[in-house]
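Structure at a glance
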Amino acid sequence: RVWSSDVCSSDLACIPPHCDGGAPATYFTRYQIALQAQMPVPVAAQPAPPQVAKAAGATDVTGPGVRVTLDDAPPSSRGDYSPDDLVVHQQDVQAVVNAMWRGNATGVMVMDQRIASTTAIRCVGNTLLMQGRVYSPPFTVTAVGDVAELQRALDDEPGVLLYKQYVDALDLGWKVSIKIVRAHV
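Report on the accompanying structure. Counting starts from 1 at the beginning of each chain's written sequence and moves along it residue by residue. pLDDT decides what is reported in this predicted model: residues at 70 or higher carry local features, side-chain atom pairs at 80 or more are listed and counted, and totals for whole chains, interfaces and linings draw on all residues regardless. Side-chain numbers here rest on the full set of heavy atoms in the structure, without hydrogens or water.

Right, let's talk about helix H4 (residues 147-156) for a bit. Three labels apply to residues, based on accessible area from a 1.4 Å probe with only protein chains included: buried if under 20% of the type maximum, exposed if over 50%, partly exposed otherwise in between. Where helices and strands are cited, they refer to DSSP runs of H or I of at least four residues and of E of at least two residues respectively, numbered from the N terminus. Three or more residues of H4 are buried, namely Val147, Leu150, Ala153 and Leu154. Along the long axis of H4, the arc covered by the buried residues comes to 125°, so they all point the same way. Within 3.5 Å is the distance limit for a polar contact, defined as a pair of N or O atoms, with the added protein rule that one can donate a hydrogen and the other accept it, and that residues adjacent in sequence qualify only through two side-chain atoms. Where H4 begins, the side chain of Asp146 points an oxygen toward the backbone nitrogen of Ala148, at a separation of 3.3 Å. To be clear, the arc concerns the directions from the helix axis to the C-beta atoms.

So, in structure tokens, the structure goes:
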């Protein structure tokens, strides 16, 4: 429905976007008014169906899973390598996240923050910026799913294979543990 007025009306069929002296009306308020007036509920105010909420990462998921920890190399690893080679980068974390999704994870978290389709993981120096927060290493990626399938996906992911070459050469941190995981919203 298109809102046709910016002024409150006694006609409940017209719910303006601004009520109470210009304060924005919330979708929840529109939802309540629509229900009381037995009107169709605006689509944006309707709760997401359970299957949509689950796919969007808006529900908790618990079960067996895998936790991968990535860490910068110790200072003693420097040798002939540049400092840039000795740190975990966004693409390293992203490779692990991609592997988890390819391994059919039902939920993935980075640094205990649930990953959704709108989540961006960005490298800022040797830190990660994600969902408005800055994280320092060691970085953890945790996924709920079939452990064997998740481990196979990690073993087959090209970005993970490249990172593991640097683990061997530069002593970058890499640890995989199996545990019961709760991927929370």
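Having seen it, we continue.
On to the pairing of strand E6 (residues 121-124), then. Two faces belong to every sheet, and in a regular strand the side chains alternate between them. DSSP-based pairing: two strands are paired if at least 2 bridges between them are found. Sheet topology places E6 next to strand E7 (residues 127-130); four bridges connect them, and they run antiparallel. In the sheet register, Val124 faces E7, and the bridge partner there is Thr127.

Definitions used for this entry: grid spacing 1 Å over protein atoms alone; cavity, a set of points where a 1.4 Å probe fits but cannot get out; pocket, an open set with protein on both sides within 12 Å along at least 5 of 7 lines; lining residue, one with an atom within 4 Å of a point. Grid points are joined across faces, edges and corners, and a volume is the space filled by probe spheres set on the points. What the largest pocket holds in volume is close to 190 Å³. Surrounding the largest pocket, Asp84, Asp85, Val87, His89, Gln91, Asp92, Gly159, Leu162, Tyr163, Tyr166 and Leu172 form its lining. Secondary-structure elements contributing two or more residues to the lining of the largest pocket are helix H3 (90-102) and helix H5 (158-170). Of all the elements, H5 adds the most residues to the lining of the largest pocket, at four residues.

This part is about the side chain of Arg67. Considering the arrangement of structural elements, one finds Arg67 in strand E3 (residues 61-71). Within the local environment of Arg67, its side chain forms a polar contact with the side chain of Asp112, the two groups lying 3.1 Å apart. In this analysis, two residues are considered to be in contact whenever any of their non-hydrogen atoms come within 4.5 Å of each other. Once residues within four sequence positions are removed from consideration, Arg67 is found in contact with Asp112, Thr140, Val141, Thr142, Lys175, Val176, Ser177 and Lys179.

This part takes up the nonpolar core. The biggest cluster of nonpolar side chains holds 33 residues, and the ones touching the most others in it are Val93, Met100, Val110 and Val141. Ranked by residue count, the leading element in this core is H3, at six residues. Residue contacts for Val93: discarding those within four places in its chain leaves Val88, Val110, Ile121, Leu128, Phe139 and Val141. Residues grouped as a nonpolar core are buried Ala, Val, Leu, Ile, Met, Phe, Trp, Tyr and Cys residues, joined through side-chain atoms within 4.5 Å.

This brings us to the packing of aromatic side chains. Each pair of aromatic rings taken from Phe, Tyr and Trp, with Trp reduced to its six-membered ring, is defined by centres within 6.5 Å and is described as stacked if the planes are under 30 degrees apart, edge-to-face if over 60, and tilted in the remaining cases. Counting across every chain of the model gives one aromatic pair. Aromatic pair Tyr163 and Trp174: ring centres 5.8 Å apart, planes at 50°, arrangement tilted. With Tyr163 in helix H5 and Trp174 in strand E10 (residues 173-183), the pair connects residues that are eleven residues apart, well separated along the chain. Given a relative accessible area of 3%, Tyr163 falls into the buried group. Using a relative accessible area of 22% as the deciding quantity, one classes Trp174 as partly exposed.

Across a sheet, strands are paired by hydrogen bonds formed along the backbone, either parallel or antiparallel in direction. One open sheet accounts for three strands, arranged E6-E7-E8; its pairing is antiparallel. Among the strands making up the open sheet, the edge pair consists of E6 and strand E8 (133-135). Between one strand and the next, the sheet's axes are offset by a mean angle of 30°, whatever the strand orientation. Each axis is a line fitted through C-alpha atoms, taken for helices only over the stretch in contact, and angles between the N-to-C directions span 0 to 180 degrees.

Bringing the pattern of salt bridges into the picture now. We define a salt bridge as a contact between a side-chain nitrogen of Lys or Arg and a carboxyl oxygen of Asp or Glu at a distance within 4 Å. In this structure the tally under the stated criterion is three salt bridges. Among the ionic pairs, Asp112 bridges to Arg67, the shortest N-O distance being 3.1 Å. Here Asp112 is found in the loop between strand E4 (107-110) and strand E5 (113-114), whereas its partner Arg67 is found in strand E3, with 45 residues between them in sequence. Since its relative accessible area comes to 35%, Asp112 is described here as partly exposed.

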